[in-house]
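Tertiary structure, described
For reference, the chains in residue letters:
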Number of protein chains: 2
Amino acid sequence: MSSYSQINNLPPQISVGEYIFHRLRQLKVTTIFGLPGEFSMPLMDKLYRVPDMRWAGNTNELNAAYAVDGYSRLKRLGCIITTFGVGELSAMNGIAGSFAEHVGLLHIVGMPQTSATTKQLLLHHTLGNGDYEIFYRMANDITCYTTIIIDSDFCADEVDMCIRMAWVKQKPTYMGVPSNQIDLQVDSARLDIDLDLRLDSLINTSPIDGIDNKRTQSNGSFGQTDSQRIQDDITKTILKRIYESKNPAIVVDACVARQGLLRETQLFCELTKFPTFVTPMAKGIINEDMQNFGGVFTGSISSPDVREIVDFADFVIVIGCVLEEFSTSSFHFNIKSKNRLFIFDDSVKIKNVAYPEINIKNLLKNVLFELDQSKINYTFHKNLEIQVPRHELTRDQLLRQEWVWGEFSHWFRPGDIIITEVGTSAFGIIQTKFPKNTWGISQALWGSSGYSLGACLGASFAAQELEQEAAIYGNTSSGELSHRVILFVGDGAFQITMQELSTIIKANLKPYIFIMNNQGYSIDRFLHHRANAKYYDIQQWHYLSLLSVFGATDYETRKIITMGDLQDMLADQNFAINDKIRMLEVMVPSMDVPQAIIDKWQREKEGSNVINENDRPHSIETSNSDILSWSESPLTELEPERKKRHL
Amino acid sequence: MSSYSQINNLPPQISVGEYIFHRLRQLKVTTIFGLPGEFSMPLMDKLYRVPDMRWAGNTNELNAAYAVDGYSRLKRLGCIITTFGVGELSAMNGIAGSFAEHVGLLHIVGMPQTSATTKQLLLHHTLGNGDYEIFYRMANDITCYTTIIIDSDFCADEVDMCIRMAWVKQKPTYMGVPSNQIDLQVDSARLDIDLDLRLDSLINTSPIDGIDNKRTQSNGSFGQTDSQRIQDDITKTILKRIYESKNPAIVVDACVARQGLLRETQLFCELTKFPTFVTPMAKGIINEDMQNFGGVFTGSISSPDVREIVDFADFVIVIGCVLEEFSTSSFHFNIKSKNRLFIFDDSVKIKNVAYPEINIKNLLKNVLFELDQSKINYTFHKNLEIQVPRHELTRDQLLRQEWVWGEFSHWFRPGDIIITEVGTSAFGIIQTKFPKNTWGISQALWGSSGYSLGACLGASFAAQELEQEAAIYGNTSSGELSHRVILFVGDGAFQITMQELSTIIKANLKPYIFIMNNQGYSIDRFLHHRANAKYYDIQQWHYLSLLSVFGATDYETRKIITMGDLQDMLADQNFAINDKIRMLEVMVPSMDVPQAIIDKWQREKEGSNVINENDRPHSIETSNSDILSWSESPLTELEPERKKRHL
């Protein structure tokens, strides 16, 4: 069979600009995110010279960064192009989020031509102090590899390294491309050799700190035999503990998805039959139909059933662990058991012994291969399978977070990609049960409000490509052919990045966008016991008009106020088919929050002395008039008061 | 008269949180920008305990940063509050712009409680590597002073220093406030002593680099007599050259506005009668009715008349110089004359001799006081006053950048605050003549697209306050009582930050928002000779619907397509009164650009070999159908082609 360069009949030499996009195309990264700029423009011209590639054309750089993150969570790698200074700094918060949550992406920054920087001529987009490397330096802390394409001999190596690091480490990498370097020539024959993407091919580069491993060279072959021996030892140790344990538990975390360990992990849970849970970041990774799947583990605020098993387990296995233990304003994740096995993205920790530089994919395969089920002591007794109750409610009943998520749960179907904004939605989704092959996306750790709409754009592009790939390669690993993209976002978060809706329309993508309208930043309003704080109020919009304003022609909108509205929508067969973009405004009371938050609130209440009575969750009886009035702008009431205070 | 603490009957001790806002209030900084966050919430509760203060409540942090920049350009100081990590990083590009353009502001970041960081407990909004100072470090490069409020003995000093540095240096300062430090107690009596804001009160701290002057202490009194003697010497030298010069020229730059030197500079230009020009950043600073005012100096692309005077001057005085010389993609500013006087914000350079640490306000006063007009050699001969021609055009004539700016020029009136987006508008505004006391705002150097809408919000708040102050203090320095805020922004830039329109509506502000709709990023499309590059296309919106979608009730919208539409609008007396928010969509051809750009294009053309014929500016004959079709979404034509290419 003929080579890549032959198939695409490339000339012997191509520009490094084209080379970048060919490499990305080989990894099926065919949608590029970002905005054009004077310095990135020459690079972008190359994009159109490489087949299959498309330009997303976002509305701003932060949204683009969120989008490429969402795209990468489904395709393992994404690419964003921004321009020097103004562009890259605008994307910074998004890139930092990808770093924190282990999402692999390549950030290409179009830089001024080298002559301008050396002569210190250029000032546009600089700070006026003649320092052109400030932004490059800033990127150090939020990337695992940074480089600037300057050397014609090494430019192709640098491109390969940036892509490999992003893929293997699942962190952002930064590549500055001066506008006059785009046409450096590269042998197209390089493309005939695939990139080495084995997890241990970069093992000797440090996993976390971006500063230590500039220009680290690959060293894939080094010490393979050693690592094989170490792996066998670890396997034995792990199996021994698996066999011994009487009350084990498995907690699956996000790196399983990032590092492509879904099958191995699923099989491991099925073979051991150990009680299995997922972290909020990992929801969707494990088949929730399994009898030994017990739902989401949220540490100290987990449901009593979950805590009973995990807290008192004699052996806890955490697979794809992002962090050993953490404490956030949202979740406490702190496994009590001293007998713990942590499988990180490139290392393992058993009890207090750490084994660095492990290819965990090979390790898991090894364990599965060696596992002898007959030696397992633990006997599966209790069916943990989650049942989502159906509530008997009258049609005119107003919506409550308490059960609205259960209703959605019954509407989900295999292949769905479900994105939830941090805030009430992220808590609410915990109450749902995902069908098989459902993907969950939520920025649980970094928690940047507004992330989810950008991620929805990226995920929608990725879903489209996954369907095409499945069709082309008959590949079914991505579940069914149809991937519905479903977003749950609060009104406050939606406003932060709302113009990305326009890009979704421009690209003719067809997600479901559920705007959970609870008038402002309810999660903060609630968790911080500030029921009446003015600064949590936001301007009320006519959200459902936005689709047409942004130029959508084929779309559907609904305003969901009562149980009846909700039932009708979810029962509608046509509604279930993602044949057009849909925006649904779901009206939920301002101080009404999912059960998970109420539990947390109850816990905090004990320790807290700043709670007023009016911070309590609303009781059921909310009158229709309350809710209907929300569709009008409450500003008309707020404004006079604001005026009184301030003018 | 009784003291501040007495008038506001403050207790002997107040929280440092309240202290911050009292200090800002004393400087008439009464609108605070930003978004709430879990870590900034305790600080924001204090805001409502200080009279006259109001919370802008922006829709995202980058917009908030643009807004506080626009506010500060009119009030000399602004304040933005963001939350740790996600919030502050989102604002970064905006803060960097303020740093580059010498705009003073205080950036307060709500940080996690100190216990969490020391125990490394907290992970929400961190990178997961236990480093809580990353963002604080990143701020170093784009601020002139950074601090974290931790020490109860020094917290008030640190607050004062942050505010003084921002005011005097006209650069951003960064103040991290851990959420548990808000209630550190401060003597309210401190507020009875005004802050020392003399330009030389911080003279011994370096003017540019933010890293060098952490925690620098004030040293206002040091070396006053020395500096007096130096000042007298410089004054003599300057006067000598003023008297000698036969062909002098004055170029006024932006620091005149930043450092509050408007009157001194105006008087200097009037007394010397030297030909006077402004840089693009400084337009509006000088009374353009002066006979010796020659318009905007844009270096090598200035009009021939301007170049003739400046390039061949025997003495060039640059007042309030931001940069000695620079070269950007938009402007070349490179004075040929070897005999030059540069007056920077805190130093002076005569020929090649530099005098650091000068109080330039005192210096200018000194020069004005000592100036003997009878000794001036230069005789004012040629009236430079700018005449904006009125074109005779038929009512159905479609709009052209060539003359549309002239029409606006005749509509402007004293007191107007005119904001222009970088891009075609910034070029276009150069062709206008400002009435007396007009303020101009444009981010000419940093040039971040989308800046202007945020700045429009900030400027609108400031304008409202300036009017109130004028009414209260009978102060007329801010020109007339009425300040119309007028924004010119392209459609491409508008989309980047468009949700800030909602904040303008929420606050019931009443700017004029002219959307110059030329379908996409025309300035780049044109300057980079890429007439047909897909990546410069953007989704076409129904812009005029946005006001109602965002909840505006009292507003006006117009779509301006022909000369007749424009004339009717500008002749309408009611339209001229800023009694409601107005959005005007002005349809201009995609490849039609202001004369200034055509000149630049002609120049580049000579040196450039990448220009295609179809990159030429459109000729006059553009058919109505062309333009009318723009109001429909052109995507319907583009999409199929995009599909063909990519799928």
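What you see is a predicted model; the values in this text were computed from it and never measured. (Residues numbered from 1 in each chain as written. Chains lettered and ligands numbered in written order. Predicted model: local features only at pLDDT ≥ 70, side-chain atom pairs only at ≥ 80, totals over all residues. Heavy atoms only, no water.)

1. With respect to the overall build of chain A
Threshold: Helix and strand definitions follow DSSP, with helices as H or I runs of at least four residues and strands as E runs of at least two, each counted in order from the N terminus. Accessible area is worked out with a 1.4 Å probe on protein chains only. A residue is then buried under 20% of its type maximum, exposed over 50%, and partly exposed in between. The contact criterion used throughout is that any non-hydrogen atoms of two residues lie within 4.5 Å. The accessible surface values rely on the Shrake-Rupley method and a 1.4 Å probe; as for residues, cover is taken only from the protein chains in view.
If you tally the helices and strands in chain A, you get 24 helices and 23 strands. Buried positions account for 67% of the 647 residues belonging to chain A. Of the contacts made within chain A by residues no fewer than 6 positions apart, 76% connect residues no fewer than 24 positions apart. Element-wise, carbon and sulfur atoms account for 50% of the exposed surface of chain A, whose accessible area totals about 22200 Å².

2. Quick look at the packing of helix α2 (residues 16-26) of chain A against helix α8 (residues 155-169) of chain A
All names here are of chain A. Heads up, the condition is: Lines fitted to C-alpha atoms define the axes here, with helix axes fitted over just the stretch in contact, and angles between the N-to-C directions of these axes take values from 0 to 180 degrees. Geometric relationships in this document are graded by angle, where less than 35 degrees denotes roughly parallel, more than 145 denotes roughly antiparallel, 65 to 115 denotes roughly perpendicular, and other angles denote oblique. Each crossing is labelled by how the near helix is turned from the far one, with a counterclockwise turn of less than a right angle marking it left-handed and a clockwise turn marking it right-handed. Under the grouping applied here, Gly and all other residues not named as nonpolar or charged are polar, the nonpolar ones being Ala, Val, Leu, Ile, Met, Phe, Trp, Tyr, Cys and Pro and the charged ones Asp, Glu, Lys and Arg.
Where α2 contacts α8, the two axes come as close as 10 Å, and the packing angle between them is 30 degrees. Comparing the axis directions of α2 and α8 gives the class roughly parallel. Regarding α2 and α8, the two cross each other, and that crossing is right-handed. On α8, the residues touching V16, Y19, I20, R23 and L24 of α2 are C155, A156, V159, D160 and I163. A class-by-class count of the residues in the contact of α2 with α8 yields eight nonpolar, no polar and two charged.

3. Observations regarding the environment of A:L393
All names here are of chain A. Checked against the element boundaries, L393 lands in the loop between α13 (360-370) and α14 (401-411). On the basis of relative accessible area, L393 is assigned to the partly exposed category, the value being 24%. For L393, the residues in contact, after removing those within four places along its chain, are W403 and M563.

4. Some words on the sheet that holds strand β19 (residues 439-441) of chain B
Residue and element names in this part refer to chain B. Test applied: Only strands that DSSP links by at least two bridges are regarded as paired with each other.
Pairing is parallel in the open sheet, where six strands are placed in the order β19-β18-β20-β21-β23-β22. Among the strands making up the open sheet, the edge pair consists of β19 and β22 (555-560). Adjacent strand axes in the sheet meet at a mean angle of 15 degrees, parallel and antiparallel pairs treated alike. The pairing of strand β21 (residues 512-517) with strand β23 (residues 581-587) spans six bridges and is parallel. The residue bridging N517 from the neighbouring strand is M587, located in β23. Against the sheet, helix α4 (residues 61-75) engages β18 (417-420) and β19, with an angle of about 150 degrees to β19. Along the sheet, helix α14 (residues 401-411) contacts β20 (485-490), β21 and β23; its crossing angle with β21, the most-contacted strand, is approximately 170 degrees.

5. Points about the UniProt feature "binding site: Mg(2+)" (unreviewed entry) in chain A
Residues and elements named next belong to chain A. To keep it simple, the criterion reads: UniProt positions are given in the numbering used here, feature names are shortened, and annotations may be inferred rather than shown by experiment.
In the numbering used here, UniProt assigns the "binding site: Mg(2+)" (unreviewed entry) feature to D491, N518 and G520. A maximum C-alpha distance of 6.8 Å places the annotated residues, which cover 30 residues in sequence, within one compact spot. Inspection of the secondary structure assignment puts D491 in helix α17 (residues 491-497). Residue class for D491 comes out buried when judged on its relative accessible area of 0%. Among all residues touching D491, those that are not within four sequence positions of it are I515, M516, N517, N518, Q519, G520, I538, Q540 and Y543. Mapped onto the secondary structure, G520 falls in the loop between β21 (512-517) and α19 (522-527). Judged by its relative accessible area of 5%, G520 is buried.

6. A closer look at the packing of aromatic side chains
To keep it simple, the criterion reads: Note on aromatic pairs: the rings of Phe, Tyr and Trp (six-membered ring only in Trp) are paired at centre separations within 6.5 Å, and the planes decide the class, stacked below 30 degrees, edge-to-face beyond 60, tilted for the rest. Whether a charge sits over a ring depends on NZ of Lys or CZ of Arg being within 6 Å of the ring centre and within 35 degrees of the ring normal.
Under the definition given, this model contains 52 aromatic pairs over all chains. Where B:W411 meets B:F412, the ring centres are 6.4 Å apart and the plane angle is 50 degrees; that geometry is what we call tilted. A single burial state applies to B:W411 and to B:F412, both of which are buried. Counting every residue linked through ring pairs, the aromatic cluster contains A:W405, A:F408, A:W411, A:F412, A:F434, A:F488, A:Y512, A:F514 and A:F575. Its guanidinium or amino end placed over the ring of A:F434, A:K283 lies 4.1 Å from that ring's centre, counting from NZ or CZ.

7. Overview of the sheet that holds strand β3 (residues 54-55) of chain B
Residue and element names in this part refer to chain B. On the basis of which strands lie adjacent, the open sheet formed by six strands has the order β3-β2-β4-β5-β7-β6 and parallel pairing. The open sheet has two edge strands with one neighbour each: β3 and β6 (145-148). Taken together, the seven bridges between strand β5 (residues 105-111) and strand β7 (residues 172-178) define a ladder with parallel strand orientation. When the bridges of β7 are listed, L106 appears paired with T173. Against the sheet, helix α5 (residues 86-100) engages β4 (78-83), β5 and β7, with an angle of about 155 degrees to β4.

8. With respect to the pairing of β5(B)
Residues and elements named next belong to chain B. This is how the line gets drawn: With its strands directed away from the observer, a crossover is right-handed exactly when the path from the first strand over the helix to the second travels clockwise.
The buried fraction of β5 is high, at seven of seven residues. Because side chains alternate across β5, one face comprises the buried residues L105, H107, V109 and M111, and the other comprises L106, I108 and G110, equally buried. Relative to β5, β4 runs parallel, the two sharing six bridges. Each bridged residue has a counterpart across the sheet, and for T83 the counterpart in β5 is G110. What joins β4 to β5 is α5, and the crossover it makes is right-handed.

9. A word on the pattern of salt bridges
Residues and elements named next belong to chain B. Applicable threshold: What makes a salt bridge here is a side-chain nitrogen of Lys or Arg within 4 Å of a carboxyl oxygen of Asp or Glu, nothing more.
As enumerated under the stated definition, the model contains 56 salt bridges over all chains in all. Here R49 and E18 are joined by a salt bridge, their closest N and O atoms 3.5 Å apart. Separated by 31 residues along the polypeptide, R49 in the loop between α3 (41-47) and β3 and E18 in helix α2 (residues 16-26) bring together distant segments of the chain. The exposed category is assigned to R49, whose relative accessible area is 54%. Classification of E18 by relative accessible area gives buried; the value is 10%. Notably, a salt bridge pairs K283 with E288, separated by 2.8 Å at the nearest N-O pair.

10. Some words on helix α16 (residues 451-473) of chain A
Stated formally: Working rule for helices: expected span equals 1.5 Å times residues minus one.
Taking 1.5 Å per residue, 23 residues should reach 33 Å; α16(A) reaches 32 Å between its end C-alpha atoms and fits that length. Counted residue by residue, α16(A) has 17 buried out of 23 residues, so it is predominantly covered.

11. Examining unusual backbone geometry
Residue and element names in this part refer to chain B. Here the phi dihedral of K28 falls at roughly 65 degrees; this positive angle occurs in a residue that is not glycine. Along the chain, K28 turns up in the loop between α2 and β2 (31-34). Classification of K28 as partly exposed rests on a relative accessible area of 33%. One non-glycine residue, E357, lies in positive phi territory at about 55 degrees. In this structure, E357 sits in the loop between β17 (353-355) and α13 (360-370).

12. Structural notes on helix α11 (residues 262-272) of chain B
Taken residue by residue, α11(B) has B:E264, B:T265, B:Q266, B:F268, B:C269 and B:T272 as its buried positions. Backbone geometry just downstream of α11(B) places B:K273 in the positive-phi region, at approximately 60 degrees.

13. A word on the packing of helix α11 (residues 262-272) of chain A against α13(A)
All names here are of chain A. The N-to-C vectors of α11 and α13 enclose an angle of 30 degrees; their axes lie 10 Å apart at closest approach. As the angle between them shows, α11 and α13 are arranged roughly parallel. α13 is crossed by α11, and the crossing has left-handed handedness. The segment α11 lies against α13, with E264, T265, L267, F268 and L271 engaging K361, L364, K365, V367 and L368. The residue inventory of the contact of α11 with α13, partitioned by class, reads six nonpolar, one polar and three charged.

14. Digging into the environment of A:I319
All names here are of chain A. If you trace the backbone, I319 turns up in strand β12 (residues 315-319). Considered as a pair, I319 and I343 are 24 residues apart in the sequence and their alpha carbons are 4.9 Å apart. Those residues in contact with I319 that sit more than four places away from it in its chain are I250, V251, V252, D253, V256, T265, F268, I343 and L364.

15. What about the nonpolar core?
Our working definition: Definition used in this section: a nonpolar core is a set of buried Ala, Val, Leu, Ile, Met, Phe, Trp, Tyr and Cys residues joined via side-chain atoms within 4.5 Å.
One finds A:L24, A:F494, B:L24 and B:F494 to be the most contacted residues of the largest nonpolar core, which totals 239 residues. Ignoring any residue separated from it by four or fewer positions in sequence, one finds A:L24 in contact with A:V29, A:I32, A:M53, A:L77, A:C79, A:L106 and A:I163. Within the second largest apolar cluster, 38 residues are counted, among which are B:V296, B:I319, B:I386 and B:V388.

16. Section: the pairing of β22(B)
When a strand is regular, its side chains alternate between the sheet's two faces. All names here are of chain B. The pairing of β22 with β23 spans six bridges and is classified as parallel. Of the residues in β23, the one forming a bridge with R558 is L584. Traced from β22 through helix α21 (residues 563-571) to β23, the parallel crossover comes out right-handed.

17. Re the side chain of A:D69
Residues and elements named next belong to chain A. With respect to the helices and strands, D69 occurs in helix α4 (residues 61-75). On the basis of relative accessible area, D69 is assigned to the buried category, the value being 1%. Those residues in contact with D69, other than ones at most four positions away along the chain, are G97, S98, V103 and Y451.

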